[in-house]
Amino acid sequence: MNWRVGGFVAVGLLAILPSAVAAQGVPTEQLVELTLLERVAIETSVVLFMGVAILSLFPDWGSSTIDTARGSAFVSGFFGVLVAVALVLLGGSAWVFSQVMLGWLAAYPLALLVLGTTFVGSAIGFIALANTIIAPLGVDHNWVGLLVAVAIAAVLALLPIVGPAVAAVLTIVGLGSMTRTALGNDKRTEREQGMPPAHRL
């Protein structure tokens, strides 16, 4: 299990490190002026890298979390909003710590936690949507869903307003499904209790 945890952390750092390095010494107003190609590259890289990490290192957990996001999207969205608020507060705390001497000792771990959690939630949400799209075609495979999810991320990155809004919703649903799975309130638990899945995605 240790090598799986190490691999997951390594992939997460690969997804986060380029942005962190690029941010060093760059004015804040320039960070939001991304070209179209850069936006597509960032969106697809996050979904691809984190999706590969989830499906290869934690296949059972990933499948359960994805199924939970699909099986009860509204409930997962409610949990996701709560988690998103907590992540915003943690991100704000990281910024505050970064302004004081030696505060980076707390700021960097908090920032990595916020970014890593958000990236994983985003990948879960995108794959859940992709699986829903390909399900009527008789395809029910998370790896195929990942490829479709990367394509969806690329398309959404091309849309200036709708794209970020949809991506945010998918991330929130993914965060909520992660939380529900961690709490044991996932789709598998509902099925064992005889509860019909509500608001299937």
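This one's a predicted model, so the numbers in the text were calculated from it and none came from an experiment.

Attention now goes to the side chain of Thr117. Residue position: Thr117 is located in helix 6 (residues 104–134). A polar atom in the side chain of Thr117 sits 2.7 Å from the backbone oxygen of Leu113. When near neighbours in sequence (up to four residues on either side) are disregarded, Thr117 contacts Leu87, Leu175 and Met178.

Following both chains from N to C, one finds helix 6 and helix 8 (residues 162–183) inclined at 105 degrees, their axes separated by 7 Å at the closest point. One element, helix 6, and the other, helix 8, form an angle in the roughly perpendicular class. Where helix 6 abuts helix 8, its residues Thr117, Thr118, Val120, Gly121, Ser122, Ile124, Gly125, Phe126 and Leu129 lie against Ala167, Leu170, Thr171, Gly174, Leu175, Ser177 and Met178. A class-by-class count of the residues in the contact of helix 6 with helix 8 yields eight nonpolar, eight polar and no charged.

It is worth spelling out the nonpolar core at this point. Counting residues in hydrophobic clusters, the biggest one holds 29 residues, and the most contacted among them are Val47, Ile124 and Phe126. Counting residues per element, the ones that place at least two in this core are helix 3 (36–57), helix 4 (59–71), helix 5 (73–98), helix 6, helix 7 (142–157) and helix 8. With nine residues, the single largest contributor to this core is helix 6. Non-local contacts of Phe126, meaning those with residues more than four positions away in its chain, are made with Val47, Ala149, Ile152, Ala153, Leu156, Ala167 and Leu170.

On the secondary structure map, Ala41 appears in helix 3. Ala41 gets classed as partly exposed once you look at its relative accessible area, which sits at 36%. A sequence separation of 112 residues divides Ala41 from Ala153, and the C-alpha atoms of the two residues are 9.4 Å apart.

Per the counting criterion, the structure on display carries one aromatic pair. On the basis of an interplanar angle of 85 degrees and a centroid distance of 6.0 Å, the ring pair of Phe78 and Phe79 is categorised as edge-to-face.

Our next topic: the packing of helix 5 against helix 6. In contact at an axis separation of 8 Å, helix 5 and helix 6 are set at 155 degrees when each is read in the N-to-C sense. Between helix 5 and helix 6, the crossing angle belongs to the class labelled roughly antiparallel. When the axes of helix 5 and helix 6 are compared, the crossing they make is left-handed. Across the interface between the two elements, Leu87, Leu90, Gly91, Ser93, Ala94, Phe97 and Ser98 from helix 5 touch Trp104, Ala106, Ala107, Leu110, Ala111, Leu113, Val114, Thr117 and Thr118 from helix 6. Residues belonging to the contact of helix 5 with helix 6 are distributed by class as follows: 11 nonpolar, five polar and no charged.

Model confidence for the chain is summarised by a mean pLDDT of 79, while 76% of its residues fall at 70 or above. In the predicted structure, residues 1–31 sits below a pLDDT of 50 and forms 28 contacts with residues beyond four places in sequence or in another chain. Taken as a whole, residues 189–199 scores under 50 in pLDDT and shows 15 contacts with residues more than four places along the chain or in a different chain.

Conventions adopted
Residues numbered from 1 in each chain as written. Predicted model: local features only at pLDDT ≥ 70, side-chain atom pairs only at ≥ 80, totals over all residues. Heavy atoms only, no water. Helix = DSSP H or I, 4+ residues; strand = E, 2+ residues; numbered from the N terminus. Polar contact = N/O pair within 3.5 Å; in protein donor to acceptor, adjacent residues only side chain to side chain. Contact = heavy atoms within 4.5 Å. Axes fitted to C-alpha atoms, helices over the stretch in contact; angles between N-to-C directions. Parallel < 35°, antiparallel > 145°, perpendicular 65-115°, else oblique. Nonpolar A, V, L, I, M, F, W, Y, C, P; charged D, E, K, R; others polar. Core = buried A, V, L, I, M, F, W, Y, C linked by side-chain atoms within 4.5 Å. Buried < 20%, exposed > 50% of the residue type's maximum accessible area, 1.4 Å probe, protein only. Phe/Tyr/Trp six-rings, centres within 6.5 Å; stacked < 30°, edge-to-face > 60°. Left-handed = near helix turned anticlockwise from the far one by under 90°. pLDDT = per-residue confidence, 0-100.

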